[in-house]
Amino acid sequence: MNTTDKIIAQARSENRTALLESEAKTIMTEYGVAVPKFQLATNEKEAAQIAQSIGFPVVAKIVSPEIIHKSDAGGVKVGLKTAADVEAAYTTIIENAKKYDPNARLLGVLIMEMAPSGIEVIVGAIKDPQFGATIMFGLGGIFVEVLKDVTFKIAPINTDEAKEMINNLKASALLKGYRNTPPADTDALAQILVNVSTLLTEHPEIKELDLNPILAYAKGASTVDARIILE
Ligand code: ADP
Ligand code: MG
């Protein structure tokens, strides 16, 4: 059994359909998608120690099977620069989460390497009962939420099809560089799409997947949030 199978089996045995961010990211890593370094802390001191070993600045995020949209729960703090910042963030995140959902099980706080800023893109997937896994690509923020500028393809897809998805966006010119922003590494983004396609094909028990956001750079890309829902 590989790591992905084990994570899915573990979630099933606990009757969970929503994987934890840490579980989803471990799966993405197994499928060749780069994520920032992360480790779970279960108290303030441990959070600070992990941050020291990862290197500042870090991001801190709530880990709870019941909290899927972490920012809505006041469960994400970015740009933490010192051990004191991290300890304070741990306390605040736990307090916020308790207020947001008093019944949520709080497993701790994920301490994560802070990725440099880049162009935000998102990759999503849903399983259509008729067509199977459908993969979605878009630019983050207003492009998806307001302008609905997204492209779709049915899995499996190859590299050329992944590149088409990227080029078919109305706003794809934004990925080709503008003003002071260098072109994004669209080959790296195409590779993420192909890797997601492989994951979905090998694991039809995945009902929904969301990599939101992925930060795209001149070279490479970093998937800073990952969500996987099982059938
Ligand atoms: P949510 O569950 O609310 O979607 P995210 O994990 O996406 O939580 O975090 C919210 C925001 O914080 C992201 O959209 C991103 O802008 C920022 N962020 C999260 N993790 C990182 C990271 N490791 N490095 C840099 N920015 C991050
Ligand atoms: Mg997110």
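Preceding this section is the structure that the text describes.
Residues numbered from 1 in each chain as written. Chains lettered and ligands numbered in written order. Predicted model: local features only at pLDDT ≥ 70, side-chain atom pairs only at ≥ 80, totals over all residues. Heavy atoms only, no water.

Chemist: What is the right way to read the site of ligand 1 from this model?
Modeler: What surrounds ligand 1 is a group of 17 residues, the closest being Lys61, Lys70, Ser71, Ala115 and Asp225. The side chain of lysine 61 places a nitrogen or oxygen atom 2.7 Å from an oxygen atom of ligand 1. Within the backbone of lysine 70, an N or O atom sits 2.9 Å from an oxygen atom of ligand 1. For ligand 1, the accessible surface in isolation is 550 Å², of which the surrounding protein chains cover 80%. Because more than half of its atoms lie within 2 Å of the grid, ligand 1 is assigned to the largest pocket. Considered class by class, the residues forming the shell around ligand 1 number 10 nonpolar, 3 polar and 4 charged. (Near = heavy atom within 4 Å. Polar contact = N/O pair within 3.5 Å; in protein donor to acceptor, adjacent residues only side chain to side chain. Areas by Shrake-Rupley, 256 points an atom, 1.4 Å probe, with all protein chains shown as cover. 1 Å grid on protein atoms, 1.4 Å probe; cavity = no way out; pocket = protein on both sides within 12 Å on 5 of 7 lines; lining within 4 Å. Sits in = over half its atoms within 2 Å of the grid points. Nonpolar A, V, L, I, M, F, W, Y, C, P; charged D, E, K, R; others polar.)

Chemist: I keep staring at the coordination of the magnesium ion (ligand 2) and nothing clicks. Help me out?
Modeler: Geometry sets the ideal angles at a metal, namely 109.5 degrees for four tetrahedral donors and 90 or 180 degrees for six octahedral donors. Distances from the magnesium ion (ligand 2) to its protein donors, Asn212 (O) and Asp225 (OD), fall at 2.1 to 2.2 Å. Remark: aspartate 225 occurs in the loop between strand S9 (221-223) and strand S10 (226-230) and asparagine 212 occurs in strand S8 (residues 206-216); sequence separation between them is 13 residues. Classification of aspartate 225 as buried rests on a relative accessible area of 18%. (Donors = N, O, S within 2.8 Å, 3.2 Å for Na, K, Ca; no water. Helix = DSSP H or I, 4+ residues; strand = E, 2+ residues; numbered from the N terminus. Buried < 20%, exposed > 50% of the residue type's maximum accessible area, 1.4 Å probe, protein only.)

Chemist: Where do I start with the pairing of strand S5 (residues 119-128) in this structure?
Modeler: Remark: a regular strand shows side chains that alternate across the two faces of the sheet. Sheet analysis places S5 next to S8, joined by 7 bridges and oriented antiparallel. By the bridge assignment, valine 123 is partnered in S8 with leucine 211. The sheet contact formed by S5 and strand S6 (residues 132-139) spans 8 bridges and is antiparallel. Bridging from a neighbouring strand, valine 121 pairs with leucine 139 of S6. (Pairing = 2+ DSSP bridges.)

Chemist: What should I look at first to understand unusual backbone geometry in this one?
Modeler: Glycine aside, negative phi is the norm for most residues, and most peptide bonds take the trans geometry. Looking along the chain, the bond that leaves phenylalanine 56 and enters proline 57 is cis, with omega of -5°. Along the chain, proline 57 turns up in the loop between helix H3 (44-54) and strand S2 (58-63). A positive phi angle, close to 50°, is found at lysine 148, a residue other than glycine. Within the secondary structure layout, lysine 148 lies in the loop between helix H5 (142-145) and strand S7 (150-154). Lysine 148 gets classed as exposed once you look at its relative accessible area, which sits at 57%.

Chemist: What's the story with the environment of glutamine 39 in this structure? I'm lost.
Modeler: Its location among the elements puts glutamine 39 in strand S1 (residues 38-41). On the accessibility criterion, glutamine 39 (40% relative accessible area) is partly exposed. Separated by 11 residues in sequence, glutamine 39 and isoleucine 50 place their C-alpha atoms 7.0 Å apart. In this structure, glutamine 39 is in contact with Ile50, Val109, Leu110 and Ile111, ignoring residues within four places of it in sequence. (Contact = heavy atoms within 4.5 Å.)

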